[in-house]
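# Structure at a glance
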Amino acid sequence: MQQSLVLEEKGRLALREIALDQTMTPTDVRIAVHTVGICGSDVHYYTHGKIGPFVVDQPMVLGHEASGTIVEVGDQVTHLKVGDRVCMEPGIPDPTSRAAKLGIYNVDPAVRFWATPPIHGCLTPRVVHPAAYTYVLPDAVSFAQGAMVEPFAIGMQAAARARITPGDIGLVTGAGPIGMMTALAALAGGCAKVYVADLAQPKLDIIGAYPGIETINIRQTPAAEAIARATGGWGADVVFECSGAAPAILGLPGLARPGGTVVLVGMPVDPVPVDIVGLQARELRIETVFRYANVYDRAISLIAAGKVDLNPLISATLPFADSIEAFDRAVEARDTDVKIQIRMPGV
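All values derive from a computational prediction rather than experimental measurement.

Conventions and cut-offs
- Residues numbered from 1 in each chain as written.
- Predicted model: local features only at pLDDT ≥ 70, side-chain atom pairs only at ≥ 80, totals over all residues.
- Heavy atoms only, no water.
- Helix = DSSP H or I, 4+ residues; strand = E, 2+ residues; numbered from the N terminus.
- Rg over C-alpha atoms; globule rule 2.2 N^0.38 Å.
- Contact = heavy atoms within 4.5 Å.
- Areas by Shrake-Rupley, 256 points an atom, 1.4 Å probe, with all protein chains shown as cover.
- Lys, Arg positive; Asp, Glu negative; His and termini not counted.
- Charge placed at Lys NZ, Arg CZ, Asp CG, Glu CD.
- UniProt positions renumbered as here; feature names shortened; annotations may be inferred.
- Polar contact = N/O pair within 3.5 Å; in protein donor to acceptor, adjacent residues only side chain to side chain.
- Pairing = 2+ DSSP bridges.
- Axes fitted to C-alpha atoms, helices over the stretch in contact; angles between N-to-C directions.
- Buried < 20%, exposed > 50% of the residue type's maximum accessible area, 1.4 Å probe, protein only.
- Salt bridge = Lys/Arg side-chain N within 4 Å of Asp/Glu carboxyl O.
- Core = buried A, V, L, I, M, F, W, Y, C linked by side-chain atoms within 4.5 Å.
- Patch = residues over 30% accessible without salt bridge, like charges linked within 9 Å, V, L, I, M, F, W, Y side chains within 5 Å.
- Phe/Tyr/Trp six-rings, centres within 6.5 Å; stacked < 30°, edge-to-face > 60°.

### Quick look at the overall build of the protein chain
- Counting its secondary structure elements, the protein chain contains eleven helices and 20 strands.
- Its C-alpha atoms give the protein chain a radius of gyration of 20 Å, within 12% of the compact-globule value 20 Å for 347 residues.
- Of all intrachain contacts in the protein chain linking residues separated by at least 6 positions in sequence, the fraction that spans at least 24 positions is 70%.
- Of the roughly 15,100 Å² of accessible surface on the protein chain, a fraction of 54% belongs to carbon and sulfur atoms.
- Of note, the protein chain has its 27 positive side-chain charges centred 3 Å away from the centre of its 35 negative side-chain charges.

Spelled out as structure tokens, the structure:
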């Protein structure tokens, strides 16, 4: 058995050995995990014990943002080899499902997603994973960056759903990790400029250091006022709502231009009010995002080409022995923290 970071129950973590199914099929690979990022969903399971219908009712290994090195390949795997540096897409769909056949496997009801009850995550030294959802990291992409591909893929999905036209003006509400990833993906996807609105100035300072990003501190200026001033009263071509905050969602009609697009990325904890008439009056196109599909390879290519630099978003890297401390720091949600990562032992 392997020592893993185990969520025993709501509010209680332990570093201990736990029996995990490590059986390989001919189409699987075995990976020595190197780096794992802490996601907001991991923290939410830790602090609340559930997310919607997914309830932690038995011990579960956390973690789903990971990179590592292949140490064994199945007999039918031809595109990967032992020694390859890789990152892993954590959601495994049923390839025969209707959703998978339509190319929208992220919404496959049968998807098995790391660290989503009852599926164990990857904060453990070795994992077995389908080769089809394992991606080689180019030499220019570090293990740390490889572990950032998973959250960046959400931003990629949002940018793809937006159908950006080159030269668009984008607005992101919420400067959390996913908001920052979405802003960078929108720039890479063709936006001429992206505004990011939040009330935490330290986070705005981090994302505002990127060329092409301008920030709006909503404690000082309402987002609608700032974007109107920036666009001559027209509004943003594309608005990405990444906060999940009820006031931000209610205020969306005042942010987008007539005929523009709103992409709902952030997930409210509870149902929130929506100004449907306000959206209709501008004939805004509404898109929604749930995880990602068919974007991992393109996300890696952008990082490898230097088009997107995610290193400034890695706030701290702690050793596996300090995993519980890392999670407790993530719970604090410091304004200066974006992504906390854990480096596994033996690497």
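Right, picking up where we left off after that structure.
### Remarks on the UniProt feature "domain: Enoyl reductase (ER)" (unreviewed entry) in the protein chain
- Sequence positions flagged by UniProt for "domain: Enoyl reductase (ER)" (unreviewed entry) are, in local numbering, residues 11–336.
- Taken as a whole, residues 11–336 contains 27% helix and 27% strand, while its terminal C-alpha atoms sit 24 Å from one another.

### Section: the side chain of Asp-337
- The residue Asp-337 is located in the loop between helix H11 (323–332) and strand E20 (339–343) in this model.
- A polar side-chain atom of Asp-337 sits 2.7 Å from a polar atom in the side chain of Arg-329.
- For Asp-337, the contacting residues outside a window of four places in its chain are Lys-203, Ser-315 and Arg-329.

### Description of the sheet that holds strand E1 (residues 2–9)
- With antiparallel pairing, three strands are arranged side by side in an open sheet as E2-E1-E6. Each end of this open sheet is capped by a strand with a single partner; those strands are strand E2 (12–18) and strand E6 (60–61).
- Together, E1 and E2 form the strand contacts of H11, whose direction differs from that of E2 by roughly 150°.

### Describing the environment of Ile-342
- Tracing the chain through its elements places Ile-342 in strand E20.
- On the basis of relative accessibility, which here comes to 0%, the residue Ile-342 falls in the buried class.
- The spacing of Ile-342 and His-129 is 213 residues in sequence and 20 Å in space, taken between C-alpha atoms.
- The residues touching Ile-342, leaving out its near neighbours within four places in the chain, are His-34, Thr-35, Val-36, Ile-38, Leu-123, Leu-318, Pro-319, Phe-320, Ser-323, Ala-326 and Phe-327.

### Re the environment of Ala-140
- Within the secondary structure, Ala-140 sits in the loop between strand E12 (134–136) and helix H3 (143–146).
- Distance from Ala-140 to Ala-305, taken between C-alpha atoms, is 8.1 Å for residues 165 residues apart in sequence.
- If near-sequence neighbours (up to four positions away) are discounted, Ala-140 is found in contact with Gln-145 and Ala-304.

### Some details on the side chain of Arg-291
- Structurally, Arg-291 can be placed in the loop between strand E18 (285–288) and helix H10 (296–304).
- Buried and unpaired, Arg-291 has Glu-150 as its nearest opposite-charge partner, separated by 6.4 Å.
- Ignoring any residue separated from it by four or fewer positions in sequence, one finds Arg-291 in contact with Asn-106, Val-111, Phe-113, Thr-116, Ile-154 and Gln-157.

### Here we look at the nonpolar core
- Ranked by size, the top nonpolar core spans 54 residues in total, and within it Phe-152, Val-194, Val-196, Phe-240, Leu-310 and Leu-313 carry the most contacts.
- Listing elements by their share of this core, those giving two or more residues are helix H4 (149–162), helix H5 (177–188), strand E14 (193–198), helix H6 (201–208), strand E16 (236–241) and H10.
- In terms of residue count, H4 provides more of this core than any other element does, eight residues in total.
- Setting aside chain neighbours within four positions, we find Phe-240 in contact with Ala-158, Ala-159, Ala-162, Ile-164, Leu-171, Val-172, Thr-173, Thr-182, Ala-186 and Val-263.
- Counting residues in each nonpolar core, the second largest holds 39 residues, with Leu-13, Tyr-46, Leu-80 and Trp-114 among its members.

### Points about a nonpolar patch on the surface
- Taken together, the side chains of Leu-102, Ile-104, Val-107, Met-267 and Phe-290 make up a nonpolar region of the molecular surface, amounting to roughly 490 Å² of accessible area.
- Within the secondary structure layout, Leu-102 lies in the loop between helix H2 (98–101) and strand E10 (112–113).

### Some points on the packing of aromatic side chains
- Scanning the model with the defined rule gives four aromatic pairs in all.
- Each ring, one from Tyr-46 and one from Phe-327, has its centre 6.2 Å from the other, and the planes form 80°; the classification is edge-to-face. Separated by 281 residues along the polypeptide, Tyr-46 in helix H1 (residues 40–48) and Phe-327 in helix H11 bring together distant segments of the chain.
- With relative accessibility at 9%, the residue Tyr-46 sits in the buried group.
- Ring geometry for Tyr-292 and Tyr-296: centres 5.7 Å apart, planes at 50°, overall tilted.
- According to the relative accessible area criterion, Tyr-292 is buried, its value standing at 3%.
- On the basis of relative accessible area, Tyr-296 is assigned to the buried category, the value being 2%.

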